[in-house]
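Fold and contact review
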Amino acid sequence: MTKEEIKTSLLDIISEIVPDEDVNNLEGEGAIREQIDLDSMDFLDIIMELRKRYKVEIPEDDYPKLASMNSSVEYLEPLLANK
Amino acid sequence: MVYDAVIIGGGLSGLAAGVRLAHFGRNVCLLEKQPRLGGLNSYYTLKGRQIDVGLHAITNYVPRHIKTTPLPKILRQLRIPYNDLELFPQTISCIRFLDKEINFTNDFNFLLQEIADKFPKQIDQFVKLSKSLSGYEGYSPSKEFISSRKILHSFLSDPLLIEMILCPTMFYGSSWENDVDFPQFSILFRSLFCEGLACPRGGMRKVISLLKEKYLHCGGELKTNCQVQKLITSDNQVTQILLNNGEIIKAQKYISSIGLPETKTLCSDLPLPKKLLDQKEEARPGNLSFIELILILDTPPVNYGLKHTITFYNDTEHFLYQRPQELVDLKSGVICCPSNYQIDNPSTKEGMVRLTHLANYHLWKKLTREEYQQQKEFCLKRSQEKTLKRYSNLEKAIKAQDIFTPLTIEKFTGRINGAIYGSPLKAKDGRTNIKNLFICGTDQGFLGIIGTMLSGITIANQHILY
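Residues numbered from 1 in each chain as written. Chains lettered and ligands numbered in written order. Predicted model: local features only at pLDDT ≥ 70, side-chain atom pairs only at ≥ 80, totals over all residues. Heavy atoms only, no water.

**A short note on the overall build of chain B**
Convention followed: Secondary structure elements are defined from DSSP: runs of H or I of at least 4 residues count as helices, runs of E of at least 2 residues count as strands, and each element is numbered from the N terminus. Under the scheme applied here, a residue whose accessible area is under 20% of the maximum for its type counts as buried, over 50% as exposed, and between as partly exposed, the area being computed with a 1.4 Å probe on protein chains only. Under the convention used here, a 1.4 Å probe and the Shrake-Rupley method define accessible areas, while residue burial counts only the protein chains that appear. Under this rule, positive means Lys or Arg and negative means Asp or Glu; His and the chain ends count for nothing. The atoms used to mark charge sites are NZ of Lys, CZ of Arg, CG of Asp and CD of Glu.
Of regular secondary structure, chain B possesses 13 helices and 18 strands. Taken over the C-alpha atoms alone, chain B extends approximately 60 × 50 × 45 Å along its principal axes. Burial analysis of chain B (466 residues in total) assigns 60% to the buried set. Carbon and sulfur atoms form 50% of the exposed surface of chain B, whose accessible area is close to 18,700 Å². Positive and negative side-chain charges in chain B, numbering 57 and 45 respectively, have mean positions lying 3 Å apart.

Below, the structure is given as structure tokens:
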């Protein structure tokens, strides 16, 4: 997947979890959880949706790398390179 | 084949657990004894009308823009859009003790004003109490029972106010007599007073069918009319389930929503000392059961002056929330008028009143068939006389009625003693002494319709998904 595809997929996942939020205005920098109301259960759901859709396993130690949109895309790019 | 998980009991907690597991691709099977789903909160048909049974209200109601409370949380977890529930908020409800009345709406400030007007010396302390409750983490497991009565006494000095605040939280979920476990009190206080009451269009059927459709759409397997005969255990693990029809079902993990003592009776061989929980006392069946009367009226009860959505009342000096010494305790109870939710275009011009009182299962159980019928009739009549006398002519508007006793409750919910709020001891973290058997729902300890769904979600998340 390209960076752009990863970003689109992430936005799709987030908007499925929080259908009432406008995810298109999410800034690349800055924590996602500070821009829209996501609690820790929602955050874990993002991880589980990635696992469900792309079979990627993200170890708990790496969760902080998924804080912002940009850092998430950076982190996921090598993992999703062949997907 | 071996399922990833089998869920016993198709009530709201079991269904919610099932939706989570199925959504994330787990191979899951849900077993329900009855032909209809819903468990403690379901519906039936009385002369062509659909009538809800179980709790009178969806508590935890918040408007759509609030995101951080249990209702929006469970909707996100279940991927159900807020608007799909079509919730209609209550108008006004009240707690009435003799001639003192505290009204409350879905606006917490209204309650504060009521307390300030009616208990002026208590309002500052009441505000302190509500602030301390808003920071309390009622959903995190604590093992020992904490007396809410004691904590309320440390804040408030007027015993009447303490009783009046405890009353609704007891009636809407306490499995302890004359008290509430404090974490549960904090959940109930917020869900009833800080958040609020509502009813979905179409009642419980709406909630149940949303969950059922979601579950099936995600690929979950559903078996209704399916009674479990035994959980076969060996070496502290459930190895398989034997159904009444002789079928055998196997899974990696098992979730039971049918209650702790009820689950225990299904286990073939419990690890010594034959307890399901690692606690001093074993979970025993609860003592508290209820009768409920359904009255169908020509026109909505508001036409007779009954304007409250829910009324919690007590007509004695000392309110007792305990198993009564007689068949029914008519000195206190709950009056619910489903037609007093703010429903747009209601589907009927009729009205309905539901009356709930504490009842003694064991005394009902002792009656002969004939006595049982007589007592049902007698209770219907006595309860109406007692609770409706202040609304003139309302009795003349009754065109159909029905009554459930603790035996009816036991028959349809499977709860021993008809104890709908289950065992006083809860499996708060969902674990049992059997490694792959988990508890969700009433006997896990989250209360109310939203609470029980959160219970199923939490147990599925923590013990299977995460």
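**As for the overall build of chain A**
Counted only if it meets this: What the globule rule says is 2.2 Å times the number of residues to the power 0.38, and the radius of gyration is computed from C-alpha atoms. A contact between two residues is defined here by any heavy atoms of the two lying within 4.5 Å.
If you tally the helices and strands in chain A, you get 4 helices and 0 strands. Tracing chain A from N to C terminus, the helices and strands come up as α-α-α-α. The C-alpha atoms of chain A give 12 Å as radius of gyration, which agrees with the globular expectation for 83 residues (12 Å, within 12%). The principal-axis extent of the C-alpha atoms belonging to chain A is close to 30 × 25 × 20 Å. Classification of the 83 residues of chain A by burial places 46% in the buried group. The contacts of chain A with a sequence gap of at least 6 include a subset with a gap of at least 24, amounting to 55%. Carbon and sulfur atoms make up 47% of the accessible area of chain A, which totals about 4,500 Å². The average position of the 9 basic charges and that of the 21 acidic charges among the side chains of chain A differ by 7 Å.

**A closer look at the packing of aromatic side chains**
Under the convention used in this document: Paired rings are identified among Phe, Tyr and Trp, the last through its six-membered ring, by centres lying within 6.5 Å, and are further divided according to the angle between planes into stacked (under 30 degrees), edge-to-face (over 60) and tilted (the rest). In this scheme, Lys NZ or Arg CZ marks a charge over a ring once it lies within 6 Å of the ring centre and within 35 degrees of the ring normal.
One pass over the structure, following the stated rule, counts 17 aromatic pairs over all chains. Judged by centre distance (5.2 Å) and plane angle (70°), the ring pair of F189 of chain B and F193 of chain B falls under edge-to-face. Here F193 of chain B and F189 of chain B lie together in helix α7 (residues 182-195), a separation of 4 residues that amounts to about one turn. Each member of the pair F189 of chain B and F193 of chain B is classed as buried. Counting every residue linked through ring pairs, the aromatic cluster contains F104, F108, F126, Y136, F182, F185, F189 and F193 of chain B. In this arrangement the basic side chain of K52 of chain A is found over the ring face of F24 of chain B, its NZ or CZ atom lying 5.8 Å from the centre. Over the ring of F119 of chain B we find K100 of chain B, and its NZ or CZ is 4.6 Å from the ring centre.

**Describing helix α1 (residues 12-23) of chain B**
Going by this rule: By this rule, a helix spans an expected 1.5 Å times one less than how many residues it contains.
Between its first and last C-alpha atoms α1 of chain B spans 16 Å; for 12 residues at 1.5 Å apiece the expected length is 16 Å, and the two agree. Most of α1 of chain B sits out of view: 12 of its 12 residues are buried.

**Concerning the side chain of S72 of chain A**
All names here are of chain A. Filter applied, for reference: Any pair of nitrogen or oxygen atoms within 3.5 Å is treated as a polar contact; in protein, a donor-acceptor pairing is required on top of that, and neighbouring residues in sequence qualify only through side-chain atoms on both sides.
Relative to the elements of secondary structure, S72 occurs in helix α4 (residues 69-79). Within polar-contact distance, the side chain of S72 engages the backbone oxygen of L66 at 3.2 Å. Setting aside residues no more than four positions away along its own chain, S72 makes contact with L10, I32, K65, L66 and A67.

**Section: helix α3 (residues 40-54) of chain A**
Compared with an ideal rise of 1.5 Å per residue, which puts 15 residues at 21 Å, α3 of chain A spans 21 Å between its outermost C-alpha atoms and is within 8% of the ideal. Listing the buried residues of α3 of chain A in full gives M41, D42, F43, D45, I46, I47, M48, E49, L50 and Y54 of chain A. Tucked inside the fold, the buried residues of α3 of chain A contact α1 (3-17), α2 (32-35) and α4 of chain A together with α1, α2 (70-78) and α13 (448-465) of chain B. Immediately downstream of α3 of chain A, the backbone of K55 of chain A shows phi near 55°, a positive value.

**Thoughts on the interface of chain B and chain A**
The criterion, for reference: Reported buried area values correspond to the accessible surface (1.4 Å probe) lost by two parts on association, with both partners' losses combined. What counts as a salt bridge is simple: a side-chain nitrogen of Lys or Arg found within 4 Å of a carboxyl oxygen of Asp or Glu. Nonpolar residues are Ala, Val, Leu, Ile, Met, Phe, Trp, Tyr, Cys and Pro. Charged residues are Asp, Glu, Lys and Arg, and all others, Gly as well, are polar.
Across the boundary between the two partners, chain B contributes 16 residues, which contact 15 residues of chain A. Summed over both sides, the interface between chain B and chain A buries roughly 1,500 Å², with carbon and sulfur atoms accounting for 50% of that surface. Taken together, the connections running from chain B to chain A amount to 9 salt bridges. With its nearest N and O atoms 2.8 Å apart, the salt bridge here joins K73 of chain B to D39 of chain A. Our count for the contact surface shared by chain B and chain A stands at 11 residue pairs in polar contact (both at pLDDT 80 or more). If you list the elements that add at least two residues to the side of chain B that touches chain A, you get α1, α2 and α13 of chain B. Take the side of chain B that touches chain A: its biggest share by element is 4 residues, from α13 of chain B. Here the residues of the side of chain B that touches chain A sort into 6 nonpolar, 3 polar and 7 charged.

**Here we look at the packing of helix α6 (residues 159-171) of chain B against α7 of chain B**
The axes of two packed helices give the description: the angle between them and the distance between them. All names here are of chain B. Selection criterion: The angle between two axes is taken between their N-to-C directions and runs from 0 to 180 degrees, where each axis is a line fitted to C-alpha atoms and a helix contributes only its stretch in contact. Put simply, angles under 35 degrees are roughly parallel, angles over 145 are roughly antiparallel, angles from 65 to 115 are roughly perpendicular, and the rest are oblique.
At a closest axis distance of 10 Å, the pairing of α6 and α7 adopts a crossing angle of 95°. As summarised for this structure, α6 and α7 are arranged roughly perpendicular, according to the angle between their axes. In this structure, α6 uses I165, L166, P168 and T169 to contact α7, whose residues at the interface are F185, L188, F189, L192 and F193. Looking at the contact of α6 with α7 residue by residue, the class counts come to 8 nonpolar, 1 polar and no charged.

**A word on unusual backbone geometry**
Of note, K55 of chain A is a non-glycine position whose phi angle comes to about 55°, a positive value. For K55 of chain A, the location among the structural elements is in the loop between α3 and α4.

**What about the pairing of strand β2 (residues 28-31) of chain B?**
Residue and element names in this part refer to chain B. Just so we agree on the cut-off: What makes two strands pair is DSSP finding at least two bridges between them. With its strands directed away from the observer, a crossover is right-handed exactly when the path from the first strand over the helix to the second travels clockwise.
Across the two faces of β2 the burial is the same, with V28 and L30 and C29 and L31 all buried. Pairing of strand β1 (residues 2-8) with β2, which is carried by 4 bridges, proceeds in the parallel orientation. In the sheet register, I8 faces β2, and the bridge partner there is L31. The β-α-β motif built from β1, the intervening α1 and the parallel element β2 has right-handed crossover chirality. The sheet contact formed by β2 and strand β9 (residues 221-223) spans 3 bridges and is parallel. Considered in β9, the bridge of L30 is made with L222.

**A word on the confidence of the model for chain B**
Short version of the rule: The pLDDT value tells you how sure the predictor is about a given residue, anywhere from 0 up to 100.
Predicted confidence across chain B gives a mean pLDDT of 94, with 99% of residues reaching 70 or more. Our summary of model confidence lists the complex with pTM equal to 0.95 and ipTM equal to 0.94.

**Considerations on the sheet that holds strand β14 (residues 310-314) of chain B**
All names here are of chain B. Overall, mixed pairing links the 7 strands, which are arranged β7-β6-β14-β15-β16-β13-β17 in an open sheet. With partners counted over all chains shown, the strands left at the sheet margins are β7 (100-104) and β17 (398-404), one partner each. Between one strand axis and the next, the sheet turns through 20° on average, direction left out of account. Inspection of the sheet shows strand β15 (residues 328-336) paired to strand β16 (residues 351-359) by 5 bridges, in the antiparallel sense. Note on β16: the bridge partner recorded for C336 is R354.

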